[in-house]
Structure formats: structure tokens, C-alpha cells
Amino acid sequence: MRQLLSHIVSLVLLAWVLLACNSRPEHAQTIDQLPAIYPDYIGVTIPVGIAPLNFSMADDDFTNIDVEIKGKKGGNLHANGSFADFDIDDWHQLLEKNKGSQLMVSVYAQKDGQWYQYRDFTIDVSPYPLEEWGITYRRIPPSYMLYSHMGLYQRNLSDFEEMSMMENSQIHGNCLNCHTQNRTNPDLYVFHVRGAHGATVIHHQGINEVLQARNDSLGGSMVYPYWHPSGRYCAFSTNKTAQIFHMGNNKRIEVYDTASDVFVYDTQNHVAIMDTLLMKKDWMENVPVFSPDGKYLYFITTPTKKYPEEYDKVKYSLCRVSFDETTGKIGNQVDTLVNARITGKSLSWPRPSYDGRYLMYAQLDYGYFSVWHPEADLYLLDLKTGESRAMDEVNSARSESLHNWNTNSHWFLFTSRREDGLYTRVYFSSMDEKGRATKPFLLPQRNPKEYYHRLMYSYNTPDFTVRPVEVNAREMGRKLESPERIPFEAQQLR
């Protein structure tokens, strides 16, 4: 009898809990406007498999939120508390069921003991798959001359798990530079280390090669890498970089080069292939990228100026030259695709889509270090028509830059300082068949307001990865702290 009574009480309690979890707030005041939520996920388009879009009210005076999501093809979710925290498995099931359709989101929020009901909004679930496990990025503190803790990280996009690949504490505080993969393939990557243990690390064919940081023939280090699709070659620039500080405008710092050139590194023969077409006297070539078919090398270039006096006269154009992967040689003719003399602007960070249709770049008033330029916007070059346009659907009043494509070229990510002008955050957007992008959404976090408002680090050079990157950080740290380096030759072809 006692066991039966205990069982009945348990069932009653369970029923009460289920009823409480699925009931909506009573006596709510109806507000005929959309809720102001953080992050702003209203009307965004997301892929199946993305982590839950947890959110809270933007106004901290709201203490509770009650959210229900219904799929047009079926299924629903309910979450309540100080922020909307959706169950990960239930979220994925809802998205899978509503692929190519819409989610309807209803929001109730409580402030000063009063509940308010807001107008419903939608979230589109894209028919285009993401096809990526996650992303990689560098996270750096907001400093100009000194840095403390920084690292290279990877993040699973289906949940909230972040993993360290390499941190500078493992190499006694040296500066870790951008981790770059070949078309989201973690089997081929490169990153650079500056400082007492300076080196360029190239991971290919299952081994890590630690190259000497500099070569006297190049005149500088190997930076801004981009892989040839074959995996044999990697294009770099070599830069003499300086910085100055602004005192009277809305910019804080200007990063510029007094000299830069482009070359191609042959990983098979450990040779830096140099060509005078990419290393012109009185010109600065920079930020090279290969075309998806490997037949062309894109880069930006500008005439040298008097530094630092003419820093704001530096304007880069986008150029292209053919490339022969059998010999590692470039062609004889350089074509200008976007001319700074015509646009009156400067171009940086060219990134062709992997389907070969578009090339995305950042446009700014001058220079190429776009993260420090509030006016920097994303532009899209149609490689079939040769026409460029501003991507107004994703741009903001603050800096947009450092973008990359996913494998199927229907998704791209980029960094933006749209929130506060200080820290770069990662955003995602989808590209349709007509080249139009969707409203971008912020990288999801478990409790996004708490996470982002407390995070005093910037996301830098993010990219997609099809699988987790396998790095033995301890072994890598020992290799980098060892004096052993693989030398490479510089070969002048023309």
C-alpha cells in the first residue's frame, strides 16, 4: 500500500512538472512588436546541425523568459528561465524535421513581476547543408604592443564544445599566428610562430615540419598562407609590417607594410619559388590565394608610398595570374580584376568560393588591415560577369572582414565588430543560387549574453573544418622550443 501511494505521488509530481514546463505565463500583456533579444536571431537562416540558438532578452531588467518554437513541418520546443536554453538533441531533431521550412518562435518575458507577450518571429531552416564539423580560429586579447594569453582553437558547431589546439603558454609566450587549412581539410594546415622560437609549421602527409622562420632571400617571414588545392604548394606573402596610432578620428591603430612580396612554397622540395611579377620593385604584393581549380593565383597589389606620411594613400587592387602546378611557375600576364584607381577604395582579404563562381573581399578606404577600419565592408565579385557589389545584406556600420567559405560554397563566415566596435565576433550567413546572402547570425553559445559580455578576446582568422584538427600540443611545443628547423631554399625563376 505504501509503495502504491508513493508511486501515485510520484506520478502526480511528474504530471505537475510537465504541466508547468509546457504552460505559458498567465495574464501577460500583449506587445505589438518583436522582442529585443540577444543575440538577434530574428529572421535568420540557419543550417541543419547547428548548435541551439539560445538567447535572452537584450534588456537586463527582464528576469525571466518563456519561449516556444514550433516547426511548420511539425515538432516543437519549450524553454524558460533567465535565458532560453534549448535541449541540444531536441533542437537537432526539430531542425532536421523542418529542413527547407520555417520555425515560428513565440516569446514571453517578465520584467518587474509583469509578463509581456511579443509578436512571433520566424527562423528559416536552410535546404543547404553545412557539411562542416566546426570552425577553427585564433583568439587574441585586445592589445597593440604586448600580448599575454592567446591560442588557436576549434569549435564543434553542433554543440558548444571548444577545444584548444595550441596555446602560447606551451611555447613560453610566443605569438601564435593564423591557422590555415586547405579547403577545410584538417590534414593540411600551416601556422606561424613569432618570437624567440619563431617558425613556420606545415602539417602534411601526417607529419609536422618546422621550418625556419625567415629566409634572407625573401626579406621577411612567411605570412598570410593559402593552400593550392593539390596540397603540394602553399602561397605566402612576406611583409615588413609597422603600426601607428591615431589621435583624432574614429580609428585607434593603423597597421601597414613598408614592403611586401608574394611567393609560392613547394612543400615537396622545400623551395620558395620567387618570380619578379610577384615581387616588383616599388610595388607591394600581398595576401595571395589560389583559385579552386588551382589554375590561378589571386593577390592584391599597390604602389609603394612614403611611410608613414602617406599611409592613407595606400590603395590595393585585386590581380590574377595563371599558375602551372606541374612546374610551380606563374604565367606571363597579370590581369587586374578590381582596380583601386577606378573604385577609389582599397581591397583586402580576397577569398574565392570553392565552386569558382564568386570571390568575396573586404573593401576599405585605404590600406589592407581591415579589422581596424570601421568602414570596411564585404563585397562580392561575380567571376563570370566581372561585376562587384556591396553585400548590404550582411554589412554593418562597423568593420566586417576575415571571411571564409564552406565546402559547398552556400555558407560563409566572417568577423565583425558590429556590437561594440572593439571585439571581433564570428557570424554566419548563407548564399543562395542568385548570390544573395541571408541575415547573419552570431556564433551560438550556451549562455550567449554572459559569454560574449564577459569575453575580452577577439576571434581572428576563422575558417571551417570538415573534421576536428588533431594536434599533439605538448609534442608541438617541444618541437617549437627545440632549435632544430628545416631550412628551405629560395629559387628565383624570373
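Owing to the predicted nature of the structure, the values given are computational and were not obtained by experimental measurement. (Residues numbered from 1 in each chain as written. Predicted model: local features only at pLDDT ≥ 70, side-chain atom pairs only at ≥ 80, totals over all residues. Heavy atoms only, no water.)

A.B. asks: Got a sec to walk through the layout of surface pockets? Specific residues and values, please.
C.D. replies: What the second largest pocket holds in volume is close to 310 Å³. Contributing to the lining of the second largest pocket are 18 residues, with Trp283, Thr301, Pro303, Ser317 and Arg341 lying nearest its centre. Of all the secondary-structure elements, those providing two or more residues to the lining of the second largest pocket are strand E24 (283-290), strand E25 (296-303), strand E26 (317-324), strand E27 (329-338) and helix H3 (340-343). When grouped by side-chain class, the residues that make up the lining of the second largest pocket number seven nonpolar, five polar and six charged. (1 Å grid on protein atoms, 1.4 Å probe; cavity = no way out; pocket = protein on both sides within 12 Å on 5 of 7 lines; lining within 4 Å. Points joined across faces, edges and corners; volume = space filled by probe spheres on them. Helix = DSSP H or I, 4+ residues; strand = E, 2+ residues; numbered from the N terminus. Nonpolar A, V, L, I, M, F, W, Y, C, P; charged D, E, K, R; others polar.)

A.B. asks: Tell me about the nonpolar core, and please be specific about residues and values.
C.D. replies: Residues Phe55 and Phe412 are the most contacted members of the largest nonpolar core, which totals 116 residues. Looking at which element gives the most residues to this core, the answer is strand E22 (residues 253-266), with seven residues. Membership of the second largest hydrophobic core comes to 14 residues, among which are Tyr189, Val193, Val210 and Met476. (Core = buried A, V, L, I, M, F, W, Y, C linked by side-chain atoms within 4.5 Å. Buried < 20%, exposed > 50% of the residue type's maximum accessible area, 1.4 Å probe, protein only.)

A.B. asks: How would you summarise the pattern of salt bridges if you had to cite specific residues and measurements?
C.D. replies: Side-chain pairs of opposite charge can arise where the charged atoms are in close proximity. Going through the model one piece at a time under the given rule, you end up with 17 salt bridges. Asp60 serves as the salt-bridge partner of Lys449, at 2.7 Å between the closest nitrogen and oxygen. Taken together, the residues Lys449 in helix H4 (residues 448-454) and Asp60 in the loop between strand E4 (56-57) and strand E5 (62-71) connect sequence positions 389 residues apart. Overall, the relative accessible area of 13% leaves Lys449 in the buried class. (Salt bridge = Lys/Arg side-chain N within 4 Å of Asp/Glu carboxyl O.)

A.B. asks: Describe the sheet that holds strand E30 (residues 377-382), and please don't skip the residues or the numbers.
C.D. replies: Pairing within the open sheet is antiparallel, and its four strands lie in the order E28-E29-E30-E31. Two strands in the sheet have a free side with no partner beyond their single neighbour: strand E28 (346-352) and strand E31 (388-390). Each adjacent strand pair in this sheet contributes to an overall mean axis angle of 30 degrees, direction not counted. Note: E28 against strand E29 (residues 358-364), five bridges, orientation antiparallel. Looking at E29, one finds that Arg351 is bridged to Met360. (Pairing = 2+ DSSP bridges. Axes fitted to C-alpha atoms, helices over the stretch in contact; angles between N-to-C directions.)

A.B. asks: Would you mind going over the sheet that holds strand E11 (residues 151-156) in detail, with residue names and values included?
C.D. replies: Read across the sheet, four strands follow the order E12-E11-E10-E36 without closing on themselves; strand pairing throughout is antiparallel. The sheet is open, and its two borders are formed by strand E12 (162-167) and strand E36 (458-465), each paired with just one other strand. Sheet twist, expressed as the mean angle between neighbouring strand axes with direction ignored, is 25 degrees. Bridging between E11 and E12 involves five bridges; their strand directions are antiparallel. Paired with Arg155 across the bridge in E12 is Glu162.

A.B. asks: Lay out unusual backbone geometry with the relevant residues and their values.
C.D. replies: Here Tyr38 and Pro39 are connected by a cis peptide whose omega angle stands at -10 degrees. Inspection of the secondary structure puts Pro39 in the loop between strand E2 (37-38) and strand E3 (45-46). Of note, the bond from Tyr307 into Pro308 is cis; its omega dihedral lies within 30 degrees of zero at 0 degrees. Tracing the backbone through its elements, the reader meets Pro308 in the loop between E25 and E26. Phi is positive for Gln205, which is not a glycine, with a value near 55 degrees. In this structure, Gln205 sits in the loop between strand E16 (199-204) and strand E17 (207-212). Positive phi, close to 55 degrees, is recorded for Trp349, a residue that is not glycine. With respect to the secondary-structure elements, Trp349 resides in strand E28. Taking the relative accessible area as the measure of exposure, Trp349 reaches 9% and is therefore buried.

A.B. asks: Outline the side chain of His179, listing residues and values.
C.D. replies: Examined against the element boundaries, His179 turns out to sit in the loop between strand E13 (175-176) and strand E14 (180-182). The buried category is assigned to His179, whose relative accessible area is 6%. In this structure, His179 is in contact with Thr136, Leu152, Met165, Tyr189, Val190, Phe191 and Val469, ignoring residues within four places of it in sequence. (Contact = heavy atoms within 4.5 Å.)

A.B. asks: Explain the packing of aromatic side chains to me, using residue names and the numbers behind them.
C.D. replies: In the structure shown here, the tally under the stated rule is 22 aromatic pairs. Between Tyr265 and Phe488, the ring centres sit 5.7 Å apart and the planes meet at 85 degrees, which makes this aromatic pair edge-to-face. Of this pair, Tyr265 sits in strand E22 while Phe488 sits in the loop between helix H5 (473-481) and strand E37 (489-492); the two residues are 223 residues apart in sequence, bridging distant segments of the chain. Ring pairing ties together the aromatic residues Phe55, Phe86, Trp91 and Phe121, which thus form one cluster. (Phe/Tyr/Trp six-rings, centres within 6.5 Å; stacked < 30°, edge-to-face > 60°.)

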